Amino acid sequence: MDSNALTPEVLRELRAPRPYPAVSLTMPTHRRDRHNEQDTVRLRNLLAAAGHRLEADPGVDRRTRTAVTERLAAAVAEVDLRHALDGLLVLADAHEHRIWYLPREVPERVVLADTYLTRNLVAATAQSRPYWVLGIAADRATLWSGSGESLYEHRTDGFPMTPPEESWDVEREERIGNIPSTFSDEETRRFLRTVDQAMGAVLGRRPRPLHLVGLAPALALLAETGNATHTAAGRLVKGGLTDGPPRVLLKEIGPVVEDHARREKAEVLDRLDEAKGRRTFAAGLDEVWESVREKRADLIALEEHYRRTVQVRDGHLVPVDDASAADPGVREDIVDELVEGALDGGARVVFLPDGTLDGHDRIAAVLRY
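The following refers to the structure shown. Keep in mind the model is a prediction, meaning the values are calculated, not measured. (Residues numbered from 1 in each chain as written. Predicted model: local features only at pLDDT ≥ 70, side-chain atom pairs only at ≥ 80, totals over all residues. Heavy atoms only, no water.)

**Considering the pattern of salt bridges**
Step number 1: In the structure shown here, the tally under the stated rule is 36 salt bridges.
Step number 2: Put simply, E224 and R189 hold a salt bridge, and the shortest N to O gap is 2.7 Å. Placement of E224 in helix α7 (residues 216-225) and of R189 in helix α6 (residues 186-205) is noted, with a sequence separation of 35 residues between them.
Step number 3: For R307, the salt bridge is made with D336, and the minimal N-O distance between the two is 3.4 Å. Here R307 is found in the loop between β11 (297-303) and β12 (310-313), whereas its partner D336 is found in helix α10 (residues 334-344), with 29 residues between them in sequence.
Step number 4: Salt bridges sharing common partners tie together E13, R18, D93, E96 and R98. (Salt bridge = Lys/Arg side-chain N within 4 Å of Asp/Glu carboxyl O. Helix = DSSP H or I, 4+ residues; strand = E, 2+ residues; numbered from the N terminus.)

**Quick notes on the sheet that holds strand β14 (residues 330-331)**
Step number 1: Spatial ordering of the open sheet is given by β13-β12-β14, a layout of 3 strands whose pairing is antiparallel. Sheet topology places β13 (316-319) and β14 at the edges, where each strand pairs with a single neighbour.
Step number 2: Relative to β13, β12 runs antiparallel, the two sharing 4 bridges. Bridged to V310 within β13 is P319.
Step number 3: Taken strand by strand, helix α9 (residues 285-293) contacts β12, β13 and β14, and its axis lies near 150° from that of β13. (Pairing = 2+ DSSP bridges. Contact = heavy atoms within 4.5 Å. Axes fitted to C-alpha atoms, helices over the stretch in contact; angles between N-to-C directions.)

**Quick look at helix α4 (residues 119-127)**
Step number 1: Among the 9 residues of α4, 9 are classified as buried, and the element is accordingly described as predominantly covered.
Step number 2: A positive phi of about 50° marks R129, the residue just after α4. (Buried < 20%, exposed > 50% of the residue type's maximum accessible area, 1.4 Å probe, protein only.)

The structure is reproduced here in structure tokens:
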């Protein structure tokens, strides 16, 4: 499953307590086909390691062990490495299994717990910069969910939308002498107000940058009649894209999304500079991690491929070599853990191109106080 499909509802369900053991497998993968054989072997070895862990765990009875093992085997059999990105997450318990392809590198590990491991999935979703695309026409509105190289139509929350079939008012036609313009008719205005309200509800539940696509008259009327879409991050003035197809719409909206990313980068760097002057600034992994734990972080900025293996000593993060990762006290994915904690604490998390934050040890924060 694409990490773009992670919703707040799905995340809450994944984090819900489960009968022990809920097994989470993570491993790095390669996007290029020539590495698929290597990834296949690694995945088989990870499945075997999970089997050994289950066999050796005295808290897992034979019946449960068999059920979980079967679910894990079924999940691994379903993994299609042709869709591999930078990481793979396999989740399984005695009753279900799930597969996630992640656009972010993850450590190789097997975790047995009473909930699924979600930090890597949450961080990968944040890094992929998910966004909405609302396609607007006078008689149709479609909603698209995008992130990275993927875009698919969002067919819930009332979308796609069309106005109710209109029976023409003959008396009104006699009064005004002709049929109304498509973009001046009150029915069209009412329809676009409904679209705006539906979009506002979606943004309330799943806030993301919103981009609008449509002909100029449709976008102008939406701006005139709506409220929620006033804050759109970008606009593409072009018709014929309301129904995609996804590949074409993704190509057309790409420059708009990239322009928003550039503006967001500039805005984040400005906020960091302002925070330095107000002394509400933190930099470096240890300082930012502490601010997240204390829920003082309002904005976290970090580089896309920043990863660090650490050990917690006396309440501080101490970097260690990757070779020490086998030590049970070592945390390989501390950056993903920090991202998940920041989002849970209401902070905004923004990933920036590598090299942007070299002067701040690749991660910085604006503090609430």
